[in-house]
Amino acid sequence: MMRHKIMINAIYADENLSLLHRDKVEENGVYVLLDDEFYDDKGVLKRNEIANLSIDTYYNSLGLLETPPSPDNLIVIKRGETKYSIYIVELKNVAKLRSVKAENIKKKFETAIKDFMENRYSHIFNKEDTKLVNLSLWLVCNRFKFIDTNISEEDYMRKIRGGLMESLLLTKPYSFRNKLARVELMLSGKDIL
């Protein structure tokens, strides 16, 4: 029955998207850990349970006159027979928080949702016979060297909140398939279970 060629299977069946698959979520030393259960015994992601797409690679490969800002990864996880979670992840290795521009970050997530999922690949991400159980937007950064490395993650996050995070928090939430999400700041090494 073809009905079950839904989201993850459809991603891998698409020649262009299949080429974007990555087994890790990592760039310039900043990373997100995917739970061990998503990997087979060879360290390869189980393609029937999870898809990890480098959408930044996709947009850079289009050869457009002006490449739109796009996040690094789009991760789709099967959470039931027809239920899925989507994580959109931007990885940033920065020396100073102020070098991360809120407007650029906002545009990256907008490109992923409005152009990639709602426009170009709507036939995969907007299937009526699938349910989106959650949508998460993560800006994942390294720890800044100017802050004591021995403080707790909670205290660290409290210290760096301010301009960038306030700007992102004050942004209207992003919406996709009746799910609302705001960009969340995470530290490198955060895991997806």
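Not measured: the values here are computed from a predicted model.

Caption draft 1: Main features of the overall build of the chain. Secondary structure summary: the chain contains seven helices and 10 strands in total. Looking at the chain as a whole, 45% of its 193 residues are labelled buried. Within the chain, contacts between residues at least 6 apart in sequence are counted, and of these 70% link residues at least 24 apart. Of the roughly 10,500 Å² that the chain leaves accessible, carbon and sulfur atoms contribute 46%.

Caption draft 2: Just the environment of E184, in detail. Its location among the elements puts E184 in strand β9 (residues 183-187). On a C-alpha basis, the gap between E184 and L137 in space is 6.1 Å, while along the polypeptide they are 47 residues apart. When residues no more than four places from it in sequence are discounted, the contact partners of E184 are L137, W138 and L139.

Caption draft 3: Spatial organisation of the sheet that holds strand β4 (residues 73-78). Within the open sheet, the five strands sit side by side as β3-β4-β5-β6-β9. Their pairing is mixed. Taken across any chain shown, the strands that pair with only one partner, and hence form the sheet edges, are β3 (50-53) and β9. Averaged over all pairs of adjacent strands, the angle between their axes in this sheet comes to 25 degrees, without regard to strand direction. As defined by bridge partners, strand β5 (residues 83-92) adjoins strand β6 (residues 131-141) across 10 bridges and the pair is classed as parallel. Within the sheet, the bridge partner assigned to I86 lies in β6 and is L135. Against the sheet, helix α4 (residues 102-120) contacts β3, β4, β5, β6 and β9, and its axis sits at roughly 145 degrees relative to β5.

Caption draft 4: Main features of the sheet that holds strand β1 (residues 25-27). With respect to topology, three strands assemble into an open sheet ordered β1-β2-β10, the strand pairing being mixed. Of all the strands in the sheet, the pair left with one neighbour each is β1 and β10 (191-192). Pairing analysis gives two bridges linking strand β2 (residues 30-34) to β10, with the strands arranged parallel. Within β10, the residue paired with L33 across the bridge is D191.

Caption draft 5: View of the environment of K107. By the secondary structure assignment, K107 is in helix α4. Judged by relative accessible area, which is 46%, K107 ranks as partly exposed. Note: C-alpha distance between K107 and P69 (38 residues apart in sequence) is 6.1 Å.

Caption draft 6: Representation of the side chain of S136 within the structure. Relative to the assigned elements, S136 resides in strand β6. Residue S136 is classed as buried on the basis of its relative accessible area of 9%. One polar contact links S136 to N134, side chain to side chain, over a distance of 3.2 Å.

Caption draft 7: Just the confidence of the model for the chain, in detail. Here the chain averages 87 in pLDDT, while 84% of its residues score no lower than 70. β3 holds the highest mean pLDDT among the elements of the chain, 98, whereas helix α7 (residues 163-169) holds the lowest, 65.

Caption draft 8: Seen up close, the layout of surface pockets. Of the voids in this model, the largest pocket is the one considered here, and its volume is about 190 Å³. Those elements giving two or more residues to the lining of the largest pocket turn out to be α4 and β7 (174-176). Top contributing element to the lining of the largest pocket by residue count: α4, with six residues. Class assignment for the residues of the lining of the largest pocket results in three nonpolar, two polar and six charged.

Cut-offs used in this document
- Residues numbered from 1 in each chain as written.
- Predicted model: local features only at pLDDT ≥ 70, side-chain atom pairs only at ≥ 80, totals over all residues.
- Heavy atoms only, no water.
- Helix = DSSP H or I, 4+ residues; strand = E, 2+ residues; numbered from the N terminus.
- Buried < 20%, exposed > 50% of the residue type's maximum accessible area, 1.4 Å probe, protein only.
- Contact = heavy atoms within 4.5 Å.
- Areas by Shrake-Rupley, 256 points an atom, 1.4 Å probe, with all protein chains shown as cover.
- Pairing = 2+ DSSP bridges.
- Axes fitted to C-alpha atoms, helices over the stretch in contact; angles between N-to-C directions.
- Polar contact = N/O pair within 3.5 Å; in protein donor to acceptor, adjacent residues only side chain to side chain.
- pLDDT = per-residue confidence, 0-100.
- 1 Å grid on protein atoms, 1.4 Å probe; cavity = no way out; pocket = protein on both sides within 12 Å on 5 of 7 lines; lining within 4 Å.
- Points joined across faces, edges and corners; volume = space filled by probe spheres on them.
- Nonpolar A, V, L, I, M, F, W, Y, C, P; charged D, E, K, R; others polar.

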